[in-house]
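# Structure at a glance
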Amino acid sequence: MTSNEKQVTSNQKRAPMPLKIANIVGARPNFMKIAPIIDEMKKHAEIEATLVHTGQHYDEKMSKLFFDDLGLPVPDVYLGIGSGGHGEQTGKVMIEFERIVQQNKPDIVLVVGDVNSTIACGLVAVKLGIKLAHVEAGLRSYDRGMPEEINRVLTDQISDYLFLTERSAFINLEREGIAAEKIHFVGNVMIDSLMKHREAAEQSMILDDLKLESGKYGLITLHRPSNVDLKENLERIFYALFQLQRDIPLVFPVHPRTRKQIKQFGLEALVAQASNLIWTDPLGYLDFLKLMAHARLVITDSGGIQEETTVLGVPCITVRENTERPATVTEGTNLVIGMSPQRIIEESYRILDGNGKKGGVPELWDGKAAERIVKILLEEKSILR
Ligand code: UD1
């Protein structure tokens with residue numbers, strides 16, 4: 001036997017090394033995006049998937065509930081970062097995550113979305129020579145005043161695999177000089193989660209608990225700094241909601257940032273006067289999905305909710321000047337109307353009068369995005385090894 005043949009025989013005996021992928025979650029909108037990816041990875045013995053939770057969101061209601069509802073495994077690593085200024089939060093994640101990467105040496109770090117944990121873990125990975133995959137790449141609001149926009153642009157610049165939810169993102173990335181071979185249009189993992197849990201969500205008793213009837217209430221979410229961090233802006237939005245709640249109950253699961261601001265601005269007493277504005281703590285995934293699916297209209301400044309309402313066919317009014325998710329407007333039920341209370345009122349009544357925007361489901365939002373992502377990463381295994 002030649003020495004070459006000996007080498008081959010001993011290699012064959014060794015079990016093939018799995019592809020080690022560290023999947024990152026940090027904040028609420030990350031959980032429903034990672035869940036279907038982890039599910040899919042677990043089906044493949046060639047992948048060793050770990051889940052790292054940075055702890056950017058840490059409350060029972062902003063984090064733990066989602067692990068239960070989505071069937072996410074207990075994180076392999078919890079960094080316990082918590083809240084803080086942007087620099088503090090991003091910096092703390094980087095310090096802690098660098099230690100983990102040095103210990104565990106993953107082949108790929110996979111990040112989702114646009115939160116501070118996304119860019120923080122991405123930077124750590126590439127500086128240690130680890131390949132970076134970004135799910136939900138290429139979305140742009142072209143508003144650099146949004147912290148998320150900075151996170152999006154920078155994460156895409158350093159990523160090796162860019163997975164797109166909609167075709168418009170190609171043009172954004174091309175403009176920023178990203179090589180076409182790194183870009184893969186795979187669809188929307190958030191919609192994978194929605195489709196998987198739609199039936200289970202129907203079992204939720206949230207409508208009964210809140211004494212609501214299907215199709216006879218509006219659903220409100222607000223948390224963007226541009227809407228809630230300035231007293232004047234928040235008051236303007238509340239003015240519109242006060243008008244509207246006279247004609248239809250409005251359910252308002254309040255984000256911790258928004259709750260804090262309402263208190264700080266001394267608006268609690270004012271808000272309490274609106275008897276048909278139903279305040280709740282942040283809700284779990286299944287309860288919220290049921291509320292969205294049965295709402296007459298949704299008023300929001302969230303990114304993900306624009307997409308979910310499009311798939312559910314529920315009219316959505318987005319209280320922002322722009323959206324990074326144009327497919328929800330060109331194809332879906334979303335209307336981006338800015339922050340004028342007059343417009344909020346006008347468009348809401350248009351919906352209540354039965355003239356809400358109709359729409360279809362964007363390309364590849366079919367529940368199979370995670371499958372496509374994992375297939376592509378597995379094809380790359382031979383390149384990495
Ligand atoms: C973050 C993301 C945003 C995402 C949003 C969804 C960034 C820059 N922003 O914004 O993209 O749409 O999450 O929720 O990453 N808090 C709690 N409990 C928690 C989490 C937060 O009380 O579990 C408090 C924090 O202490 C902080 C405030 O809420 O005062 C805001 O949290 P933060 O993580 O800074 O950003 P979000 O506004 O939630």
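All values derive from a computational prediction rather than experimental measurement.

### Let's talk about the overall build of the chain
A tally of regular secondary structure across the chain gives 19 helices and 13 strands. The dimensions of the chain, computed from C-alpha atoms along their principal axes, are 85 × 40 × 40 Å. Counting only contacts in the chain whose residues sit at least 6 apart along the sequence, the fraction spanning at least 24 positions is 70%. For the chain, the exposed surface amounts to about 16,700 Å²; the carbon and sulfur share of it is 52%. Positive and negative charge centroids in the chain, built from 46 and 52 side chains respectively, lie 2 Å apart.

### A closer look at the sheet that holds strand β11 (residues 297-300)
Across a sheet, paired strands are connected by hydrogen bonds in the backbone, their directions being either parallel or antiparallel. What the six strands build is an open sheet, ordered β10-β9-β8-β11-β12-β13; its pairing is parallel. Each having just a single partner strand, β10 (277-280) and β13 (334-336) make up the two edges of the open sheet. On average, each strand axis in the sheet is tilted by 20 degrees relative to the strand beside it, whichever way the strands run. Examined bridge by bridge, strand β8 (residues 218-221) and strand β9 (residues 250-253) share two bridges and lie parallel to one another. Opposite Gly 218, over in β9, you have Leu 250 as the bridge partner. The sheet contacts of helix α11 (residues 231-244) involve β8, β9, β10 and β11, and relative to β9 the element is tilted by about 140 degrees. Against the sheet, helix α17 (residues 341-352) makes contact with β11, β12 (316-318) and β13, and its axis sits at roughly 160 degrees relative to β11, the strand it touches most.

### Observations regarding the side chain of Asn 23
Topologically, Asn 23 is positioned in strand β1 (residues 19-25). The residues contacting Asn 23, other than those within four sequence positions of it, are Ile 34, Ile 37, Ile 38, Met 41, Ala 49, Thr 50, Leu 51, Val 52 and Leu 110.

### Topic: unusual backbone geometry
You will see that Lys 105, though not glycine, has its phi angle at about 45 degrees, which is positive. One can find Lys 105 in the loop between α4 (86-104) and β4 (108-112). Phi at Glu 136 is positive, roughly 85 degrees, even though this residue is not glycine. Examined against the element boundaries, Glu 136 turns out to sit in strand β5 (residues 131-137). Judged by relative accessible area, Glu 136 falls into the buried class, the value being 6%.

### Things to note about the domain arrangement of the chain
Often, the extent of an interface is quoted as the loss of accessible area on bringing the components together. Looking at the chain, the domain boundaries give domain 1 (3-187 + 368-384) and domain 2 (198-355). On a C-alpha basis, the centroid separation for the pair domain 1 and domain 2 is 30 Å. The interface is formed by 21 residues belonging to domain 1 together with 16 residues belonging to domain 2. When the two sides are added together, the surface that domain 1 and domain 2 hide from each other amounts to roughly 1,600 Å², 56% of it contributed by carbon and sulfur. The largest share of the area that domain 1 buries against domain 2 comes from Lys 61, Asp 69 and Glu 166, three residues that together contribute 28% of it. Residues Glu 324 and Arg 152 are paired through a salt bridge, measuring 3.3 Å at the closest nitrogen-oxygen approach. Going through the elements one at a time, α2 (28-42), α3 (60-70) and α6 (147-158) are the ones with two or more residues in the side of domain 1 that touches domain 2. Ranked by the residues each element gives to the side of domain 1 that touches domain 2, the list is headed by α3, at six residues. Of the residues assigned to the side of domain 1 that touches domain 2, the class counts are seven nonpolar, three polar and 11 charged.

Cut-offs and rules
Residues numbered from 1 in each chain as written. Predicted model: local features only at pLDDT ≥ 70, side-chain atom pairs only at ≥ 80, totals over all residues. Heavy atoms only, no water. Helix = DSSP H or I, 4+ residues; strand = E, 2+ residues; numbered from the N terminus. Contact = heavy atoms within 4.5 Å. Areas by Shrake-Rupley, 256 points an atom, 1.4 Å probe, with all protein chains shown as cover. Lys, Arg positive; Asp, Glu negative; His and termini not counted. Charge placed at Lys NZ, Arg CZ, Asp CG, Glu CD. Pairing = 2+ DSSP bridges. Axes fitted to C-alpha atoms, helices over the stretch in contact; angles between N-to-C directions. Buried < 20%, exposed > 50% of the residue type's maximum accessible area, 1.4 Å probe, protein only. Domains from an automatic or database assignment. Buried area = accessible area lost by both parts, 1.4 Å probe. Salt bridge = Lys/Arg side-chain N within 4 Å of Asp/Glu carboxyl O. Nonpolar A, V, L, I, M, F, W, Y, C, P; charged D, E, K, R; others polar.

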